[in-house]
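Here is how the chains run, residue by residue.
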Amino acid sequence: MNNNTEEKVKPFRLVKYFTFISLIVMFAGTVVISSLNTHSARNMLLKKSKDYAHVLVENLNHQIFMQFFIPVALKFGKIQLRDEEQFSHMDRVVKNTLHSFRVETVNIYDMNNVISYSFEKSVVGKQNMGGSDYQNAVKGRSTSKLIQSGNFWEISFGFPKQSLLITFDPLRAEKSLAQMTGPILGVVEIVQDLSDDYKSIFNLQIRVLETCAIVMGILFIFLIFVVKRGEDILERRSLERLKLKEELNRAQRLAALGEMVAGVSHEIRNPLGIIRSSAEHLKKKMLILDPSNTIPHIIVEEATRLNNIITDFLNFAKPKEPELIQCRIEEILDKNISFFSTQIDGKHYEIERNYDGSIPEIMGDVNMLYQAFLNILLNAKEAMPGGGKIRVSANYLSQENKVKVVFEDEGHGLPDEIADKLWDPFFTTKEMGTGLGLGIVKNIIDAHGGSISIENKSSRGAQAVIYFPVKNK
Ligand code: ADP
Ligand code: MG
């Protein structure tokens, strides 16, 4: 690829980078949004759990007051949890109240910061375990705090090993059944395990990210595919443009060359005509003076050959506009063949014709088509210096609505390496050739909207195949 093309492809590379960067930005955006979402989900969870904890304690407070304090006070006259019976009574009340709720631990402190009741029997009787939360509760202030455990990464990415919510609430005597504003009798600490809730939030976040990654991945692959295709198209276009430009240059060069050749040829033609007619005159005179002298005859022959070459030049360099009329291709071919027969008379050539019965007329310039067919027939003859058979066939392809004309010979055929030079002007493999014959043929067939190809036959020789469109009136 040269610089030029690469430059044209560049803007598309930018699109590629843009695609890539936008995907990264989109993904980063998703990560941020999902983190914000999880953050608010966690806050919500925490707030709900705190509220829930206070409601739970309120309910526990009520049950303890109604089912423990009042009956025990009536029965024993004094609350003393060191007493086995009182302790197990309390245990029953607490467990009955909380049995269906997810509560890890319950500690009840007395007013001296001593644990008087707990799920965990070993801590009963311990002093000063409540800390500042206990002190707050004694003063009537409820507190709730979240304790998370895990290593640095687990904590910072939001999947701690354990999340515990610890709530301290005052335990109050109830004045009436409806309200709980009585004097503080102790402090309740309840511990709830929120680890599972936190884990499910984390899992949800992971799932959101996974889904996003998959969607982005698919999008990315799709975009890459689209960009790749666009790039290919762009590259092909710029190559095509380059090729067209080259072709144009070549056409311009050829046109200039043609102009020159046409000018020169035209100038040569007139003196050549005079030379030929003078030589013919001389030839007649020589017949009387010196019949064995062949020089005037040679001059006439060579002048004729030169005239033919110049005619070829002119035909090629200044192609006429075809005058299209309705014509029968078989009639033109017949005229070609009858002229050609006189040329090959007495030599080892044979010509065979084969026409389909129902060939429609085509729009053609009779003289130009005659010229084209003649050039092809001459090539066929020249490819078989020792003689041979030329087969001319014409038929109608009704499906494509085309007339097909084929010229076959039994000559040496085309070497592979000349296949793409065949149509170039001045390309010839013959010592005396001009290389203009097929150039003229191509111009004429193109001017008729037809197409031509020349290739080797599977058996010996080459064949020229021509298609002419049939224009329906
Ligand atoms: P010229 O006949 O002056 O060489 P053309 O343009 O008519 O120029 O043909 C170009 C070349 O194509 C010929 O020199 C020849 O090599 C090749 N060619 C054309 N027709 C045939 C054919 N029927 N068999 C083999 N070679 C052919
Ligand atoms: Mg030729």
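Look up a bit, the structure's there.
Quick look at the structure, then. Note that this is a predicted model, so its numbers are computed, not measured.

Each value, and the rule that gives it
- Residues numbered from 1 in each chain as written.
- Chains lettered and ligands numbered in written order.
- Predicted model: local features only at pLDDT ≥ 70, side-chain atom pairs only at ≥ 80, totals over all residues.
- Heavy atoms only, no water.
- Core = buried A, V, L, I, M, F, W, Y, C linked by side-chain atoms within 4.5 Å.
- Buried < 20%, exposed > 50% of the residue type's maximum accessible area, 1.4 Å probe, protein only.
- Helix = DSSP H or I, 4+ residues; strand = E, 2+ residues; numbered from the N terminus.
- Lys, Arg positive; Asp, Glu negative; His and termini not counted.
- Salt bridge = Lys/Arg side-chain N within 4 Å of Asp/Glu carboxyl O.
- Contact = heavy atoms within 4.5 Å.
- Expected span 1.5 Å × (residues − 1).
- Arc of directions from axis to C-beta.
- Polar contact = N/O pair within 3.5 Å; in protein donor to acceptor, adjacent residues only side chain to side chain.
- Patch = residues over 30% accessible without salt bridge, like charges linked within 9 Å, V, L, I, M, F, W, Y side chains within 5 Å.
- Areas by Shrake-Rupley, 256 points an atom, 1.4 Å probe, with all protein chains shown as cover.
- 1 Å grid on protein atoms, 1.4 Å probe; cavity = no way out; pocket = protein on both sides within 12 Å on 5 of 7 lines; lining within 4 Å.
- Points joined across faces, edges and corners; volume = space filled by probe spheres on them.
- Nonpolar A, V, L, I, M, F, W, Y, C, P; charged D, E, K, R; others polar.
- Pairing = 2+ DSSP bridges.
- Axes fitted to C-alpha atoms, helices over the stretch in contact; angles between N-to-C directions.
- Near = heavy atom within 4 Å.
- Sits in = over half its atoms within 2 Å of the grid points.
- Parallel < 35°, antiparallel > 145°, perpendicular 65-115°, else oblique.
- Left-handed = near helix turned anticlockwise from the far one by under 90°.

## Some thoughts on the nonpolar core
Right, on to step 1. Ile 329, Phe 373, Val 405, Phe 407, Ile 466 and Phe 468 are the most contacted members of the largest nonpolar core, which has 40 residues in total.
Right, on to step 2. Counting only elements with at least two residues in this core, the list comes to α7 (329-344), α8 (366-382), β9 (388-397), β10 (402-408), α9 (437-447) and β12 (462-469).
Right, on to step 3. In terms of residues, this core owes the most to one element, α8, which gives nine residues.
Right, on to step 4. Ranked by size, the runner-up nonpolar core spans 23 residues in total, among them Leu 56, Leu 60, Val 72 and Ile 108.

## Re the side chain of Asp 312
Right, on to step 1. In this structure, Asp 312 sits in helix α6 (residues 295-317).
Right, on to step 2. No salt bridge forms around the buried Asp 312; measuring N to O, its nearest opposite-charge neighbour Arg 269 is 9.1 Å away.
Right, on to step 3. Contact partners of Asp 312, with chain neighbours within four places excluded, come to Gln 371, Thr 434, Leu 436 and Ile 440.

## Things to note about helix α2 (residues 84-98)
What sets the pattern is the α-helix's 3.6 residues per turn: residues three or four places apart point alike.
Right, on to step 1. Spanning 15 residues, α2 covers 21 Å between terminal C-alpha atoms, matching the ideal 21 Å at 1.5 Å per step.
Right, on to step 2. Within the sequence span of α2, burial applies to Gln 86, Phe 87, Met 90, Asp 91, Val 93, Val 94, Thr 97 and Leu 98. Down the axis of α2, the smallest arc covering the buried residues is 165 degrees, so these residues share one side. For α2, the exposed residues set more than 90 degrees away from the buried face come down to Glu 84 and Asn 96.
Right, on to step 3. In this structure Asp 83 caps α2, since a side-chain oxygen of it lies 3.0 Å from the backbone nitrogen of Glu 85.

## Overview of a nonpolar patch on the surface
Right, on to step 1. There is a patch of nonpolar side chains on the surface, built from Tyr 17, Phe 20, Ile 21, Ile 24 and Val 25 and spanning about 530 Å² of accessible area.
Right, on to step 2. Checked against the element boundaries, Tyr 17 lands in helix α1 (residues 3-76).
Right, on to step 3. Judged by its relative accessible area of 54%, Tyr 17 is exposed.

## Comments concerning the layout of surface pockets
Right, on to step 1. As a volume, the largest pocket reaches approximately 1300 Å³.
Right, on to step 2. Along the walls of the largest pocket sit 42 residues, with Asn 375, Leu 378, Asn 379, Glu 382 and Lys 430 positioned nearest its centre.
Right, on to step 3. Ranked by residues supplied to the lining of the largest pocket, first place goes to α8 with 10 residues.
Right, on to step 4. Across the lining of the largest pocket, the residue classes break down as 20 nonpolar, 15 polar and seven charged.

## Considering the sheet that holds strand β4 (residues 162-172)
Right, on to step 1. Taking strand neighbours across the sheet as the criterion, the five strands line up as β2-β1-β5-β4-β3 in an open arrangement whose pairing is antiparallel. Only two strands of the sheet have a single partner each, and these edge strands are β2 (115-118) and β3 (143-149). Here the average twist between neighbouring strands, direction ignored, is 20 degrees.
Right, on to step 2. One ladder, built from nine bridges, connects β4 with strand β5 (residues 184-193); its direction is antiparallel. Directly across from Ile 166, in β5, lies its bridge partner Val 191.
Right, on to step 3. Here α2 sits on the sheet in contact with β1 (105-109) and β2, set at roughly 50 degrees to β2.

## Focus: the site of ligand 1
Right, on to step 1. If you check the shell around ligand 1, you find 19 residues, and the closest are Asn 379, Thr 428, Thr 429, Lys 430 and Leu 438.
Right, on to step 2. Separating an oxygen atom of ligand 1 from a side-chain N or O atom of Asn 379 is a distance of 2.8 Å.
Right, on to step 3. Here Thr 429 contributes a side-chain N or O atom positioned 2.4 Å from an oxygen atom of ligand 1.
Right, on to step 4. Among the cavities detected, the one that contains ligand 1 is the largest pocket.
Right, on to step 5. Looking at the shell around ligand 1, the elements that each hand over two or more residues are α8 and α9.
Right, on to step 6. Among the residues forming the shell around ligand 1, the class breakdown is seven nonpolar, nine polar and three charged.

## Describing the packing of α7 against α8
Right, on to step 1. Where α7 meets α8, the axes come as close as 10 Å, and the angle between the chain directions of the two elements is 45 degrees. In terms of orientation, α7 lies oblique with respect to α8. Like other packed secondary-structure pairs, α7 and α8 cross with a definite hand, here right-handed. Here α7 contributes Ile 329, Ile 332, Leu 333, Lys 335, Asn 336, Phe 339, Phe 340 and Ile 344 to the contact with α8, which in turn contributes Val 366, Asn 367, Leu 369, Tyr 370, Phe 373, Leu 374, Leu 377, Leu 378 and Lys 381.

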